[in-house]
Every structure is written in structure tokens, then in C-alpha cells.
Amino acid sequence: MTRTFLKTTLLGLACAAVVACSDSKPAATDTTQNDASTAPQKTGKTYRVISEQVKPPLITYVDGKPTGFEYDVLQAIAKKQGINLDYQTVNSREELLTSLSQNKADLALGAITINDDRKQQVDFSNPILDYSGTILVRKPLANATSWANLKGKKVASRHGTVYDKMALDNLSAPDGKNIVYYNTVWEQVKSLINNQSEVVLGDSLILDYYVQQNGSNEVAFVHGITFPKESYGFAIKKGDTELQQQINDGLAAIRTDGTYAKIYQNYWTTRPEN
């Protein structure tokens, strides 16, 4: 399914964020408001939520305030369930799950894939967004049909991601020097656009966002190598079944009443699959 992202007029903000060594952001219309007569009363319980500062279009901080698809979904859930959320940021992706394990936070968000390895460390909500892996390359490499076609090419990667392991296992040259590291997804994509690298592995939704926002004709997706469907979820402190149930119940409610679909269509032109 082709996903085209909205709100390209915010590219100026995206570029400003890049100058500050961060990624760009999408804006979104607030669809989380509930009628005062039907919204549940706040319970007074506050949960600590952490994310990276920049993971568009899922979570991005602009002028100190969070925005993005996952933020909007979580806010809608909180309103349904009558809970309070206190947002904080961490400096690296590696800190997200360790902060939950160390009881520094209750919930983490921002493109966190649900998998069995992570379930050993944290609990997860039900899936909030489906995606698949993808490969973005310089156009001359777009017809690749196997890893062998891309092996040894210059890869823009990031530490601590499933795609870094994938690159090391399948694309690394004997000396490993063809894999170069960047701090953000935008920096990876920018290196590709500027012909400083040849291959980027990543999440389909996020890479497509940057291609649409920057309109480059020099890069293309590889369609001859496919990946299984994956799902993002909210990571929850291990054993906090009360919060897990609150999130899952609220997620089901906003899917049923159409709030989820409205949020989704603020970022993508298609309707969500579930």
C-alpha cells in the first residue's frame, strides 16, 4: 500500500530541526478532544512517558512540546481512560527500554517494534501501527533483488537498531568500513540524497516520510527485497498490568469510535488497515 505523507508545507520546520541536529516534524490537527459531557474524569494517576526528542512522524518535540502520530494516539487514549501523562525525553534510543527497567519511566514510545527479545525486558501494548522494513538506495541500485547485489556498498546506519544488525550481517565488507554511522534517520537519508552513502535500511513509514518531504529524484526504494510485516507498540514497564490494560482498552475505544482513523489520516492519505 502506498503511503504518502501530508503537510509538506512544514518542510521549513523540518530543516530547522535538522540544523539543530535533529529530525523534522509533521504537524497534526488535534483530533483528541472529547465532549466535556462524555469524557471521563481524570483519576489523578500520572504516568511517566519517555521518548527520543526526534522520531518523526511518530514523535517530535518542537519548542519543547511533543507532537506526532504516536503522541496524538496516546493523548486520545489518555482522555478516554482519564489518566494523566508526564512527558520526558532521553538522549539515545538505547535509553528507552533501560529507563523502564530502572523504573525511571512507565511507558516509552517512538517507533518501538514489538518483538520477543524486547518482551523479556518490557511489556507491550497491543499494536498501534503496522509497517515493514524497507531499503532506500541511490537510483542505480534500485533493481537489486538480493542482499548480494548491495553487499559492500556504503551503508548509512544507526547504532542500536535492528537494521544495523541486518546491515552488519548482510551488507558489511570484510573490513566493515563500508558501514557509516549517523545519529538520526534524517541524517542517514540526507547522506543518501547527497551521494555520501548508497544504502539506508529502515522502517517503511519513516523513510517514505523523508522521501516525500524532501522530494529527491536521486533515491528510490528497492522492491525486489521484501520484509515481513512488523508492528509498533507502546513499551510498558514490566509487570504494570494496570497501565497495560488502560492503554489497550483506550486503544480499542479510539479504534471503534473513529478517533484513531482521523489521527492516522492527519499523517497518511490512506485509511489504516486495522
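Residues numbered from 1 in each chain as written. Predicted model: local features only at pLDDT ≥ 70, side-chain atom pairs only at ≥ 80, totals over all residues. Heavy atoms only, no water.

**Q** Mind laying out empty space enclosed by the protein, listing which residues take part and the relevant values?
**A** Evaluation of the coordinates by the stated rule reveals three cavities of 30 Å³ or more. Considered as a void within the structure, the largest cavity measures approximately 220 Å³ in volume. What lines the largest cavity is a set of 18 residues, among which Lys-55, Arg-158, Thr-161, Tyr-163 and Asp-203 lie closest to the centre. Listed by contribution, the elements that provide at least two residues to the lining of the largest cavity are α5 (162-170), α6 (185-193), β11 (199-203) and α7 (204-214). For the lining of the largest cavity, the element with the most residues is β11, which contributes three residues. Looking at the lining of the largest cavity, its residues break down into eight nonpolar, five polar and five charged. (1 Å grid on protein atoms, 1.4 Å probe; cavity = no way out; pocket = protein on both sides within 12 Å on 5 of 7 lines; lining within 4 Å. Points joined across faces, edges and corners; volume = space filled by probe spheres on them. Helix = DSSP H or I, 4+ residues; strand = E, 2+ residues; numbered from the N terminus. Nonpolar A, V, L, I, M, F, W, Y, C, P; charged D, E, K, R; others polar.)

**Q** Before we move on, can you summarise the side chain of Asn-178 with the specific residues and values?
**A** Take Asn-178: it is sitting in the loop between α5 and β10 (179-181). A polar contact is formed between the side chain of Asn-178 and the backbone oxygen of Lys-153, at a distance of 2.8 Å. When residues no more than four places from it in sequence are discounted, the contact partners of Asn-178 are Gly-152, Lys-153, Lys-154, Val-155, Leu-171, Ser-172 and Ala-173. (Polar contact = N/O pair within 3.5 Å; in protein donor to acceptor, adjacent residues only side chain to side chain. Contact = heavy atoms within 4.5 Å.)

**Q** Give me the lowdown on the pairing of strand β1 (residues 46-52), citing residues and values where you can.
**A** Burial runs high along β1: five of the seven residues are buried. Sheet topology places β1 next to strand β5 (residues 84-90); seven bridges connect them, and they run parallel. Within β5, the position partnered with Tyr-47 by the bridge is Leu-85. Sheet analysis places β1 next to strand β6 (residues 107-108), joined by two bridges and oriented parallel. Counterpart to Val-49 in the pairing with β6 is Leu-107. (Buried < 20%, exposed > 50% of the residue type's maximum accessible area, 1.4 Å probe, protein only. Pairing = 2+ DSSP bridges.)

**Q** Describe the packing of α6 against α7, naming the residues involved and giving the relevant values.
**A** When two helices pack together, their arrangement is captured by the angle between the axes and the distance separating the axes. The contact between α6 and α7 brings their axes to 10 Å, and the two run at 55 degrees. Here α6 lies oblique to α7, going by the angle between them. When you trace α6 past α7, the crossing you get is right-handed. Here Val-185, Trp-186, Val-189 and Ile-193 of α6 come into contact with α7, specifically with Ile-206, Leu-207, Tyr-210 and Asn-214. Split into classes, the residues belonging to the contact of α6 with α7 amount to seven nonpolar, one polar and no charged. (Axes fitted to C-alpha atoms, helices over the stretch in contact; angles between N-to-C directions. Parallel < 35°, antiparallel > 145°, perpendicular 65-115°, else oblique. Left-handed = near helix turned anticlockwise from the far one by under 90°.)

**Q** Lay out the environment of His-159 with the relevant residues and their values.
**A** Examined against the element boundaries, His-159 turns out to sit in the loop between β9 (155-157) and α5. His-159 sits in the partly exposed class, given a relative accessible area of 48%. Setting aside its immediate chain neighbours within four residues, His-159 contacts Glu-94, Asp-164 and Tyr-181.

**Q** Could you give an account of the confidence of the model for the chain, naming the residues involved and the relevant values?
**A** Mean pLDDT over the chain: 84, with 82% of residues reaching 70 or higher. In this model residues 1-40 is a low-confidence stretch, pLDDT under 50, and it forms 102 contacts with partners more than four residues away in sequence or in other chains. (pLDDT = per-residue confidence, 0-100.)

**Q** Lay out the pattern of salt bridges with the relevant residues and their values.
**A** What the rule picks out here adds up to nine salt bridges. Here Arg-48 ties to Asp-106 by a salt bridge, and the two come within 3.1 Å at their closest N and O atoms. Taken together, the residues span a long stretch of sequence, with Arg-48 in strand β1 and Asp-106 in the loop between α3 (95-101) and β6 at a distance of 58 residues. We classify Arg-48 as partly exposed; its relative accessible area is 24%. Take Asp-106: its relative accessible area is 7%, and that puts it in the buried class. Through salt bridges with shared partners, a single ionic network connects Arg-48, Asp-106 and Lys-237. (Salt bridge = Lys/Arg side-chain N within 4 Å of Asp/Glu carboxyl O.)

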